[in-house]
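Next come the chains, spelled out residue by residue.
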Amino acid sequence: MQPAAYDLESRHPGWPARLGPLRVAAGDLAIRPIRLRDAGDWSRIRLRDQEHLEPWEPTGPGPWRDRNSFWSWPPQWTALRSLARRGQCLPFTIMVDGEFAGQITIGNVIRASLRSAWVGYWVSSSMVKGGVATGAVALVVDHAFAVAGLHRIEATVRPENAPSIKVLTKAGFRQEGLFRRYLDVAGDWRDHYSYAVTAEETGPGLVARLVATGRAEYR
Ligand SMILES: CC(C)(COP(=O)(O)OP(=O)(O)OC[C@H]1O[C@@H](n2cnc3c(N)ncnc32)[C@H](O)[C@@H]1OP(=O)(O)O)[C@@H](O)C(=O)NCCC(=O)NCCS
């Protein structure tokens, strides 16, 4: 079988990229590649937001304050950038009105006949309930299908995580099943719903749908 055109053009189609801006309730939303100099904002927000984030994120080695210190960002940035340059990941920073507001990542990119990946995200507690995560998911999923050459994006979410389930539903994902004792989160094996969307389900695009339903505006 011939390799697809995007494989010939680039080993990392869709990376690096800047997406948006899109107007959502919280402000002007834009997506850009992660940067080494995100360390200060990233660490300050994540140390403050331990209660907001820890119940939903994979259990990591050592205490939260160590895993989210200023100096823990450079090795994470290096590892993510290296995966991005190999076409295995698209790691983005979420910006609102020019301020660091969280992260969104397309990870575990598999190409060939699968062309699949997962999406993961978090938003600063100071920016929640303003459509930021929904807009960010719509922007990166449209990009993953239109530019990065993917066909299917999956997301897993704890049944207790009502805001994240709402994000995925608003963005256009559908629930496919329940993975029992799937992921080690906050110190135990937690059930997760699996959600997914495929390229042919998105019609004019997830962003276009948000705009058509009044949840976002083009800038
Ligand atoms: C989940 C998260 C990303 C949502 O970010 P956000 O920018 O607030 O998301 P949005 O504003 O786009 O949408 C959130 C929706 O959940 C709703 N919501 C918030 N708290 C809720 C609750 N306790 N119960 C039900 N719905 C809730 C909001 O009202 C909003 O819906 P609406 O637009 O219809 O009003 C953010 O809360 C977060 O970072 N949580 C911690 C990390 C996390 O859970 N990551 C995802 C792991 S799967």
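Residues numbered from 1 in each chain as written. Predicted model: local features only at pLDDT ≥ 70, side-chain atom pairs only at ≥ 80, totals over all residues.

Looking only at helices and strands, the chain has eight helices and nine strands in total. For 219 residues, the compact-globule estimate of 2.2 N^0.38 gives 17 Å, and the C-alpha radius of gyration of the chain, at 17 Å, lies within 12% of that figure. Of all 219 residues assigned to the chain, the portion counted as buried reaches 36%. Considering only contacts within the chain whose residues lie at least 6 apart along the sequence, 64% involve residues at least 24 apart. (Helix = DSSP H or I, 4+ residues; strand = E, 2+ residues; numbered from the N terminus. Rg over C-alpha atoms; globule rule 2.2 N^0.38 Å. Buried ≥ 20, exposed ≤ 12 C-beta atoms within 10 Å, placed from the backbone. Contact = placed C-beta atoms within 7 Å.)

In the neighbourhood of the ligand, 20 residues make up the surrounding shell, with Trp-56, Val-128, Ala-133, Thr-134 and Ala-162 lying closest. Listed by contribution, the elements that provide at least two residues to the shell around the ligand are α3 (50-53), β5 (116-123), α6 (132-146) and α7 (162-171). Ranked by residue count, the leading element in the shell around the ligand is α7, at five residues. Taken together, the residues of the shell around the ligand sort by class into 12 nonpolar, six polar and two charged. (Near = placed C-beta within 6 Å. Nonpolar A, V, L, I, M, F, W, Y, C, P; charged D, E, K, R; others polar.)

Let us now look at the UniProt feature "domain: N-acetyltransferase" (unreviewed entry) in the chain. UniProt annotation of "domain: N-acetyltransferase" (unreviewed entry) refers to residues 43-200 when read in the numbering used here. Between the C-alpha atoms that bound residues 43-200 there is a distance of 38 Å. The span itself is 33% helix and 35% strand. (UniProt positions renumbered as here; feature names shortened; annotations may be inferred.)

Let's shift gears to helix α2 (residues 39-48). Regarding α2, the residues found buried are Trp-42, Ile-45 and Arg-46. Projection of α2 onto a plane perpendicular to its axis shows the buried side chains occupying an angular sector of 95 degrees, all on one side. Along its buried surface, α2 packs onto α3, α5 (73-85) and β4 (99-110). (Arc of directions from axis to C-beta.)

Take the nonpolar core next. General note: in soluble globular proteins, nonpolar side chains tend to be found buried as a group. Within the largest apolar cluster, 51 residues are counted, with the highest numbers of intra-cluster contacts made by Val-132, Ala-136, Val-137, Val-140 and Val-141. Among the elements that line this core, the one with the most residues is α6, at 10 residues. In this structure Val-141 touches Val-119, Ile-153, Ala-171, Val-197 and Leu-206, once residues within four positions along its chain are discounted. (Core = buried A, V, L, I, M, F, W, Y, C linked by C-beta atoms within 7 Å.)

If you want to describe how two helices pack, look at the angle between their axes and the distance between the axes. Contact geometry of α6 with α7 gives a least axis separation of 9 Å together with a crossing angle of 45 degrees. Classified by the angle between their axes, α6 and α7 sit oblique to one another. Judged by the twist between their axes, the crossing of α6 over α7 is right-handed. Taken together, the residues of α7 that come into contact with α6 (itself represented by Ala-133, Thr-134, Val-137, Ala-138 and Val-141) are Val-167, Lys-170 and Ala-171. Partitioned by chemical class, the residues of the contact of α6 with α7 number six nonpolar, one polar and one charged. (Axes fitted to C-alpha atoms, helices over the stretch in contact; angles between N-to-C directions. Parallel < 35°, antiparallel > 145°, perpendicular 65-115°, else oblique. Left-handed = near helix turned anticlockwise from the far one by under 90°.)

Moving on, we get to the sheet that holds strand β3 (residues 90-96). A sheet is described by the order of its strands in space; here nine strands give the open sequence β7-β8-β6-β5-β4-β3-β2-β1-β9, paired in mixed fashion. Here the strands that pair on one side only, and so sit at the sheet edges, are β7 (174-185) and β9 (217-218). Pairing geometry for strand β6 (residues 152-157) and strand β8 (residues 188-198), over six bridges, is antiparallel. Note that in β8 the partner of Val-157 across the bridge is Tyr-193. (Pairing = 2+ DSSP bridges.)

Moving on to the environment of Val-207. Along the chain, Val-207 falls in helix α8 (residues 206-212). Overall, the presence of 24 C-beta atoms within 10 Å leaves Val-207 in the buried class. When the C-alpha atoms of Val-207 and Met-127 are compared, they prove to be 20 Å apart, with 80 residues separating the residues in sequence. Residue contacts for Val-207: discarding those within four places in its chain leaves Leu-22, Ala-138, Leu-139, Asp-142 and Ala-216.

Our focus in this paragraph is unusual backbone geometry. Of the consecutive residues Trp-15 and Pro-16, the connecting peptide bond is found in the cis state with omega at -5 degrees. By the element assignment, Pro-16 lies in the loop between α1 (5-9) and β1 (19-24). The peptide bond linking Gly-20 to Pro-21 adopts the cis configuration, its omega dihedral lying at 5 degrees. Note that Pro-21 resides in strand β1. For Asn-108, which is not a glycine, the phi torsion comes out positive at approximately 50 degrees.

Let us now look at the environment of Ala-208. Positionally, Ala-208 belongs in helix α8. For Ala-208, a count of 15 C-beta atoms within 10 Å corresponds to the partly exposed category.

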